[in-house]
Structures are given as C-alpha cells and as structure tokens.
Amino acid sequence: IVFERTELKMKFIGIRKVFSTKNEEQYSTIGAFWDEMSAIYGRENLMGLGCNWTSDSIEYVMALKNGIIEGADYEIELPDEWKTVRGRTEELGKIYGDIYKDGVLLYEIEEFDDEGNCQIRYCR
C-alpha cells in the first residue's frame, strides 16, 4: 500500500446513485454498480466518486476517465489537494481502515483494474 499527496484539478461529471450504508450494504451495491458499468465501458476506463455521506447513505458517481459517460446527471467541481493510496483490491478493507482512522472524508475517488489493483484518492 502506497500513500502519497496528489494535486488534482477536476470537474467530475457522471451518473449519480445513492446507496444505503446500513450494515455496510454499500460494499456489495456499489460493487454491483461497478460491475454493471464495467460491462459497458471496461473497468479500467471508469472512476467512482463517493461524497455527501449521511448517517445511513452515500452518494456515488460513476464517470469515465476520459470523456463524458452516457446518461450523466451529476456535475461537481472537486478540490485541488488529495492524498492517494495505491494497493490491491483484496486489501480494500485495510486501505479504508487506514484512511478512516484519521477521520471522515469529503470526497473519495476509486479506480480499479482487472488485475486486482486499486487507487483511492481522498480529501477531508
């Protein structure tokens, strides 16, 4: 797992869904969203933005790394300063444990590939 600081200027435009966080449901439901969109666009061409957490939900926006995804219904300007973590998808629980030990997030951007690698960018 590699942590680093990243400068990122981005307008995020994608398809927004709201997922329940009760009983950690978001892991399976967001995973299904990723699988659905990956079947159309390819996993390596996508990135997902988590934002606007409440006590029982998370907004999650799926976008293309290049271009605008068909059916885009959400647009947001993102902050410039991020921290980046790279690791393996099977380590996701540990990665998020390390990230959240310092407190809640404003935004997170997830990227995955078919070889089991992941990159998480986040800001508080």
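So, a few notes on the structure that sits alongside this text. (Residues numbered from 1 in each chain as written. Predicted model: local features only at pLDDT ≥ 70, side-chain atom pairs only at ≥ 80, totals over all residues. Heavy atoms only, no water.)

1. Remarks on the layout of surface pockets
- The volume enclosed by the largest pocket comes to roughly 430 Å³.
- Mapped by element, the contributors of at least two residues to the lining of the largest pocket are helix H1 (26-41), strand E4 (57-64), helix H2 (92-100) and strand E7 (107-112).
- Looking at the lining of the largest pocket element by element, the count peaks at six residues for H1.
- Per-class residue counts for the lining of the largest pocket are 10 nonpolar, five polar and five charged. (1 Å grid on protein atoms, 1.4 Å probe; cavity = no way out; pocket = protein on both sides within 12 Å on 5 of 7 lines; lining within 4 Å. Points joined across faces, edges and corners; volume = space filled by probe spheres on them. Helix = DSSP H or I, 4+ residues; strand = E, 2+ residues; numbered from the N terminus. Nonpolar A, V, L, I, M, F, W, Y, C, P; charged D, E, K, R; others polar.)

2. Some words on unusual backbone geometry
- We note that Asn23 has phi near 55 degrees; this positive angle belongs to a residue other than glycine.
- Checked against the element boundaries, Asn23 lands in the loop between strand E2 (10-20) and H1.
- Judged by relative accessible area, which is 77%, Asn23 ranks as exposed.
- Although it is not a glycine, Glu24 adopts a positive phi angle of roughly 55 degrees.
- Tracing the chain through its elements places Glu24 in the loop between E2 and H1.
- For Glu24, a relative accessible area of 53% corresponds to the exposed category. (Buried < 20%, exposed > 50% of the residue type's maximum accessible area, 1.4 Å probe, protein only.)

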